[in-house]
There are 4 protein chains.
Amino acid sequence: MNRTTVVGVIGAGRIGRVHGNNLLRMPSVRLKAVTDPYVDFASWPPAPVATAKEPETILEDQEIEAVLICSPTPTHADLTERAARAGKHVFCEKPIDLDPERIRRTLAVVADSGVKLQVGFNRRFDPTFARVRRAVTEGEVGEIHLVKITSRDPEAPPVAYVKTSGGIFLDMTIHDFDMVRFLTGSEVEEVYARGAVLIDPAIGEAGDVDTAVTTLKMANGAIAVIENSRQAVYGYDQRVEVFGAAGSAEAANETPNRVTVSTGAGVRSDKPLYFFLERYQASFVAELEAFFASIRDDLQPPVGGADGLMSVLIGLAASRSMAENRPVRVETP
Amino acid sequence: MNRTTVVGVIGAGRIGRVHGNNLLRMPSVRLKAVTDPYVDFASWPPAPVATAKEPETILEDQEIEAVLICSPTPTHADLTERAARAGKHVFCEKPIDLDPERIRRTLAVVADSGVKLQVGFNRRFDPTFARVRRAVTEGEVGEIHLVKITSRDPEAPPVAYVKTSGGIFLDMTIHDFDMVRFLTGSEVEEVYARGAVLIDPAIGEAGDVDTAVTTLKMANGAIAVIENSRQAVYGYDQRVEVFGAAGSAEAANETPNRVTVSTGAGVRSDKPLYFFLERYQASFVAELEAFFASIRDDLQPPVGGADGLMSVLIGLAASRSMAENRPVRVETP
Amino acid sequence: MNRTTVVGVIGAGRIGRVHGNNLLRMPSVRLKAVTDPYVDFASWPPAPVATAKEPETILEDQEIEAVLICSPTPTHADLTERAARAGKHVFCEKPIDLDPERIRRTLAVVADSGVKLQVGFNRRFDPTFARVRRAVTEGEVGEIHLVKITSRDPEAPPVAYVKTSGGIFLDMTIHDFDMVRFLTGSEVEEVYARGAVLIDPAIGEAGDVDTAVTTLKMANGAIAVIENSRQAVYGYDQRVEVFGAAGSAEAANETPNRVTVSTGAGVRSDKPLYFFLERYQASFVAELEAFFASIRDDLQPPVGGADGLMSVLIGLAASRSMAENRPVRVETP
Amino acid sequence: MNRTTVVGVIGAGRIGRVHGNNLLRMPSVRLKAVTDPYVDFASWPPAPVATAKEPETILEDQEIEAVLICSPTPTHADLTERAARAGKHVFCEKPIDLDPERIRRTLAVVADSGVKLQVGFNRRFDPTFARVRRAVTEGEVGEIHLVKITSRDPEAPPVAYVKTSGGIFLDMTIHDFDMVRFLTGSEVEEVYARGAVLIDPAIGEAGDVDTAVTTLKMANGAIAVIENSRQAVYGYDQRVEVFGAAGSAEAANETPNRVTVSTGAGVRSDKPLYFFLERYQASFVAELEAFFASIRDDLQPPVGGADGLMSVLIGLAASRSMAENRPVRVETP
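Residues numbered from 1 in each chain as written. Chains lettered and ligands numbered in written order. Predicted model: local features only at pLDDT ≥ 70, side-chain atom pairs only at ≥ 80, totals over all residues. Heavy atoms only, no water.

Engineer: Lay out the overall build of chain A in plain terms, naming residues and giving numbers.
Structural biologist: Along its length, chain A carries twelve helices and 15 strands. The globule rule puts the C-alpha radius of gyration for 333 residues at 20 Å, and the 20 Å found for chain A is close to it. A principal-axis box enclosing the C-alpha atoms of chain A has dimensions of 55 × 50 × 45 Å. Classification of the 333 residues of chain A by burial places 62% in the buried group. Pairs at least 24 apart in sequence give 70% of the contacts found in chain A among residues at least 6 apart. For chain A, the exposed surface amounts to about 11900 Å²; the carbon and sulfur share of it is 51%. Across chain A, the centroid of the 36 positively charged side chains sits 1 Å from that of the 45 negatively charged ones. (Helix = DSSP H or I, 4+ residues; strand = E, 2+ residues; numbered from the N terminus. Rg over C-alpha atoms; globule rule 2.2 N^0.38 Å. Buried < 20%, exposed > 50% of the residue type's maximum accessible area, 1.4 Å probe, protein only. Contact = heavy atoms within 4.5 Å. Areas by Shrake-Rupley, 256 points an atom, 1.4 Å probe, with all protein chains shown as cover. Lys, Arg positive; Asp, Glu negative; His and termini not counted. Charge placed at Lys NZ, Arg CZ, Asp CG, Glu CD.)

Engineer: Account for the relation of the copies chain C and chain B, with residues named and values stated.
Structural biologist: For the pair chain C and chain B, the superposition axis carries a translation of 0.0 Å, the fit reaches an RMSD of 0.0 Å, and the rotation angle comes to 180°. Considering both components of the superposition, the chain copies are consistent with a two-fold axis. Every residue of chain C has its C-alpha some distance from the rotation axis, and the shortest such distance is that of R326 of chain C, at 2.9 Å. With an isologous cut-off of 70% or more, the 100% of interface residues of chain C that recur at the interface of chain B puts this contact in the isologous class. (Least-squares fit on C-alpha atoms with pLDDT ≥ 70 in both.)

Engineer: Tell me about the interface of chain B and chain D, and please be specific about residues and values.
Structural biologist: At the junction of the two partners, chain B supplies twelve residues and chain D supplies twelve residues. For the pair chain B and chain D, the summed buried surface comes to about 930 Å²; carbon and sulfur atoms form 59% of the total. Ranking the residues of chain B by area buried against chain D places Y234, G264 and V267 of chain B at the top, with a combined share of 40%. On inspection of chain B and its partner chain D, the count reaches zero salt bridges. Joining chain B to chain D, the criterion identifies four residue pairs in polar contact (both at pLDDT 80 or more). Per-element tally for the side of chain B that touches chain D: the top contributor is strand β14 (residues 266-269) of chain B, with four residues. Tallied by class, the residues present in the side of chain B that touches chain D amount to four nonpolar, five polar and three charged. Pairing between β14 of chain B and strand β14 (residues 266-269) of chain D: three bridges, direction antiparallel. By the bridge assignment, V267 of chain B is partnered in β14 of chain D with S269 of chain D. (Buried area = accessible area lost by both parts, 1.4 Å probe. Salt bridge = Lys/Arg side-chain N within 4 Å of Asp/Glu carboxyl O. Polar contact = N/O pair within 3.5 Å; in protein donor to acceptor, adjacent residues only side chain to side chain. Nonpolar A, V, L, I, M, F, W, Y, C, P; charged D, E, K, R; others polar. Pairing = 2+ DSSP bridges.)

Engineer: Can you tell me about the interface of chain C and chain B, naming the residues and giving the values?
Structural biologist: Facing the 42 residues of chain C at the interface are 42 residues of chain B. Of the roughly 3100 Å² buried where chain C meets chain B, counting both sides, 64% is carbon and sulfur surface. Counting every contact that joins chain C to chain B gives ten salt bridges. One salt bridge connects E250 of chain B with R239 of chain C, and the closest N-O pair in it is separated by 2.7 Å.

Engineer: Can you explain the sheet that holds strand β4 (residues 66-69) of chain C? Please cite residues and give values.
Structural biologist: Residues and elements named next belong to chain C. Across the sheet, which stays open at both edges, the six strands sit in the order β3-β2-β1-β4-β5-β6 with parallel pairing between neighbours. The open sheet is flanked by β3 (50-52) and β6 (117-119), the only strands paired with a single partner. Averaged over all neighbouring strand pairs, the angle between strand axes comes to 20°, with direction disregarded. The pairing of β4 with strand β5 (residues 89-92) spans four bridges and is classified as parallel. Bridging across to β5, I69 finds its partner in C92. (Axes fitted to C-alpha atoms, helices over the stretch in contact; angles between N-to-C directions.)

Engineer: Give me the lowdown on the pairing of strand β2 (residues 29-35) of chain C, citing residues and values where you can.
Structural biologist: Residue and element names in this part refer to chain C. Of all seven residues making up β2, five are buried, and the element is well covered by its neighbours. Taken together, the six bridges between strand β1 (residues 5-10) and β2 define a ladder with parallel strand orientation. If you follow V7 over to β2, its bridge partner there is L31.

Engineer: If you had to explain the packing of helix α5 (residues 127-137) of chain B against helix α8 (residues 173-184) of chain B to someone new, which residues and values would you point to?
Structural biologist: All names here are of chain B. Close contact between α5 and α8 brings their axes to 8 Å; oriented N to C, the two are set at 40°. Classed by the angle they form, the pair α5 and α8 counts as oblique. Contacts between α5 and α8 involve F129, A130, V132, R133 and V136 from the former and M179, F182, L183 and T184 from the latter. Looking at the contact of α5 with α8 residue by residue, the classes come out as seven nonpolar, one polar and one charged. (Parallel < 35°, antiparallel > 145°, perpendicular 65-115°, else oblique.)

Engineer: Provide a residue-level description of unusual backbone geometry, including the pertinent values.
Structural biologist: Residue P45 of chain A is bonded to the preceding W44 of chain A through a cis peptide linkage, with omega at 0°. The topology assignment puts P45 of chain A in the loop between β2 (29-35) and β3 (50-52). Even without being a glycine, D298 of chain C presents a positive backbone phi close to 50°. Residue placement: D298 of chain C occurs in the loop between α11 (281-296) and α12 (305-324). The exposure class assigned to D298 of chain C is exposed, which follows from its relative accessible area of 59%.

Laid out in C-alpha cells, this is it:
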C-alpha cells in the first residue's frame, strides 16, 4: 500500500470541490481540511473533513504536506508563497498571477523553499490529447508543420468575470497556449491575434472579445493557430490537430455515448460532453495523481512554474497583438 | 449525507475485486468484509477490510445488510439462499444457476425472505446501451422490427472454463439475451442457433463452439439476431442496433480516445477498449449504485431474479437448437 | 482508341433507362436500338437511337453484337436464349428466371451458342463492397468466420409487384445471397430464414413478409446472416461486414456529402443515398464496362450464368425454410 | 431535348483534358475543336474533334459559341478578350491574371461585348461544400462567427511552377479565398498571413513558402482562417467549417470507399481521394453544366469576373502581409 499523503484544499468554489471530491476517492490521499472564507460548508464536503474560513488552518497544520490552491486568481501567488515557505508542496490552479513579475517572484520563493509546484493545466492529462502528444513523440506525425486548436465554450461567462479575468487570452486561450507547448514541445516566439465581439455586446463593453483567432510562430518553425469562441450552442468544442512531415494526428470531441439515431430527418448523435467538468473529468484525477506521484517519488511535477509563467507571457503578447493589430514577440521568461 | 450501507463481498476473484474496488470509492457504502477460500489477501483489498476464507464471516455478521456474491457459479444459488435467509439483500453475479429448477427454488427463498435480489447484468447500465434503450422508450425508433447484437470477446477463455461454463450460450450469449430483453422490453419466444468451431479445435473437443449466430423470435413480433465470436483480434466488439418503424438506433464501440492518425499508410484509430473490465467500467459502478438505491428507497431492483431465470431459459433453448439444428421454443419461466 | 461495340437494349423501364443512359456516355459503345412494347419513347432516349416495340428489331440486326435484357423477369430466359442463338452476347438483369430448371435450360443454350452471358449483380462492382472483397482476398480479414449483411429498402414495393416477384428472398435478398458468395468466395450449403409482416399487412396478405433474418451455413465453415427490411424510413441501408481470424472489414452507408451540422439539438448528417439508383450509380457503369471488356478481350464475364442460378437456388431454400420453419439445404446447381 | 452548344477548348494540358473529357459526355454540348501549340494530339481527344496549334481555329469559327480557356495563366486575359470580342462566351480557368489592372481591363472588354464570363472556381460546385453553404443560407449555422479552411495538397508542385505561379497565395490559397467568400457571402477586408518553408528548401529559394496560415477579417464581422500545406503525405486534405450563432457545419474529406478494417494493429480506413482530379471530379462537371445553363437561359454565370478579380486582390494582400509581417487591407476591386 502506498503511504498516505495528507492534503488541504484552499478555496471551495467549483474547481475546489471537483478536486476535493477526487481527493476523497483517492486511496493513498487523506483530505484533512478545506478552507474558504465565503462558502457555507453545510452541503459539502460529504465526509468528515475539517473546514474553516481562513487558510491558516491548513498552512499552520504540520501534518498537511500538500496544498491545493483553488481560491480566486489574485490570491494564488501569495498563497503559493506562504504554502511554500511553510514547507508544503503546492498544486496551484492557473494562472499563478496575471503579472509576470509577480509570478517570477513566486517561483523564486518556491525554488528557495525546495517544495514541488504543479500548475493546473489539466488538459495535458486528458487521454485523447495525451494520445496526440504520443503521436508526436513516437514519430507518427514527423517534424511538426502546423498545429490547430479549436476551443469553444458552451456559454459565455458572466461579464463580471470577464472584467477581472484578464480577458479571453488569459482566462480561456491560456489553456490552448499551454496545449500548443505541450503538443509541440516547442516555445512560442511571436503571436498575432484577431478578436471580435459577436456573441455579447456587454463583453465588448467590458473591454474584451468573445471570438478570436490567434496565430503563433513556434521556435521549431511550425505555425500554430488557435480559434476560440465563448459560446458554441452545441456544447464544449475541444479539438486539436498536429500536422507534420509524416502525417497528422487529430482529436475529435468526446461524447456521452456512441449512439447514432437514423430517422426520416437524418442521422443524429448526441452533443459533445457539456463543459470542462464533464469533458475533463479524467484529466482532473490524473493531474492530481501525477502531483502526488511527484511528491512520493521526488520527481519534477509534469507541469511546473515555468509552464505557468510561459502561458501568461503568451497571453499578454496576444492581448497586445489584438489591441495594436500587429504581430507581437513573446517576452523572454 | 446518505446513510451508509454495510456490505460484504463473497468471492475475491476478478469480478469480486472489481466490485470491491468500486465499493471502496462509494461515499455511502462501507465494505466491511471479503471472503474467499482460495485467495491470499496480501495484495488486496487496499484498505482496512476484514478478510476470511469462509462466507460465514459475512453471513453471520449482523451489521452487514447487503452481500455481493462473486464466487463460482455452482455456489451462487446456495449462497443467495443463505444470505436471503440471513435477511441480507443480495447482489448475485449471473447466472444464478445453470438449472432453471434450481433457480426457481432460490427465487422462492428470496421471495419468502423479503430481501432484494439483483442479478449482475451490468451492461444494462452502460451509458451507450442505456441511450439505445432510451431511443426505444422515447419513440425515436418506433415499433421495433429488428434487433442486432454483435458480441465478440478479444480472446477465447481457457478450455477448462468452457467445460464447466455451460457453453457459449450460457456463459457469453447470456448477456446478449438479457440485452435483447432490455432493449426491446419484450420476451423471447423461439430460438434458432447455429454454431461453428473456427478458432480453437480444443473448444470443439470440449463440446462447445466458438462462433455462433442466434435468431430470436420476440413476443412483440420483432426478430433479433445475435452474433458471437470468442476471439476478435482487434479487441472487445460490443455493438447493438435496434431498428423500427420510425428509425434505427445504433451503438458503436467505445475507444480509449478520439484520435485519428493519417499517414501515407491510411487513416488509423486505436482499437476498441480491450475487454469487459475496461469497456464496462462505468456500468459496474452504476449497477451497484442502483442496487444500493433500491435498498435505501425500498424499490424493486432494476434487474431481478426473473431476469436471471429468463436468460438461462433462453440459453438452454439456444443450446438445444444448435444441438438439434432446429428452432426451439423457450420454456415458460 | 478501343473498337466500338454496337448494343441493343430490350426493355425501357427504370433499369433499362439507367443502362441506356450509361451506354450513351461510354466512348467505345454505340447504343443502336431500344425496344419496349409499352413505353412511349417521346421523352427518352435523349439521342438518335432506333426505337421499336418488338425485340426482333434488335435480335435480327446483324450489326448489334450485344444485348442488354431489361424486360420483366418472366421474359428473361426466353430472350436470353433467342439472343444467344442469334449470336449476340447477353447482359441479363437478375433473376434469369424463378425456376431453376428453366435457368438450366437457358444456360445450356448459352453454352451451346458460345456467347458471353453476364447477370446483373451490379453490387459486386460497387467500390465499397469491392474494397471489402479485397480485404478478404488480400488477407486483411484472414480465414472468414462471420459475414453480416444489412439490406433495407427505403420503401416497400407495390403489393402488385410482391405478388409476382417470387417474394422477398427472390426479389430482394437475392442480391444479398450473391453478395455473400462474392465476399466469401464460398458456397451456401444450408439456410434458415425467419420472416415477419411488420410494415404492411397487405404484403402478408399477398403471401410475403417485409422483414426477414436469414442464417447461412457456408461451405468454408463460416456463418453468414442477412437481415432485410422493406422499409427503412431514413433511406437505403446497405452495409456488410466480413469478420475473420485476422480482423474485420466493414462497409458503412454512402451519403450524399460529408457534412456534419452541430446545433443545440445535437450533431446531424444527411441521410444515406436514397435508393439503388443513387447508391449503386457507379456500379451500374462498372458492370457494363466489365461486360464489354469480357467481349473485347474474350474473357469470362465476372458474374456468369452459374451465379444467376445459384442465387435463385438459395432464395428458394430460404422461402421453404421460412414456410416450414426449419433449416433447408440448398439444392445442387 | 436541349439545343446543342458548340464549344472549343484552348489548351490541352491536364485541366484542358479534364474539361474536354467531360464535354464529350455532355448530351447537349458538342466539342468541335481543341487547340494547343505544344501538345501532340495522337492520344487525345478520344473522339472526332478538330485539333490545331493556334487558337484562331476556335476564335474564328463562327459556329463555336463558347470557349474554355485552359492555357497557361499569362495567356488568360488576352484570350478572354479575344474570345469576347469574337462574341463567344468564355469559361476561363483561374486566375484571369496576376495583375488586377490587367483583370479590370479584361472585365471591361467582356462587359462591352456582352458575352458571359465564368471563372473556374470549381469547388463551389462540390456537393459537400455546397451542402455547407446551404447550412449557412438555410440558417442552420446562424450569423457566422468563424470560418476554418484546411487545404493541403498531396505533394508540392515543381519549383519551376512555383517560380511563375505568383506564389502559394495566388496559385493555391486563391481557391480558399474564393471558398471563404462563397461560404460566407461576405467580403474580405483585411488579411494577415504567416508562412514557412518546412517541406522543400528549394521552394524557399524560389521566394515562396510551402506552409501558411492566413487570417481574414470579413466585412460581416466574422474571422476566417485558412491553413495550407504543399504536402500532406496522406493525400489531398480539403476540409471546411463554418461556425456561427446557431451551430456549426463541417465538411470532412471524401474517401474512395466507406470501409473500415479492424485488425490487431488498430482500426484503419483508406486515405482521402488523392488529388483534385479525383476529389473534385463531380464539381468539374457541375461548373460546366452551370456555365452552359447560364448561356442557354441567359443567366448570370454563378462565378463571374468580379469573383476572379476579388480572389487575386486577396491573394496579393496575403503575399504582402507575409512579406511585411503585418496585417494588410484588401484593395478595393
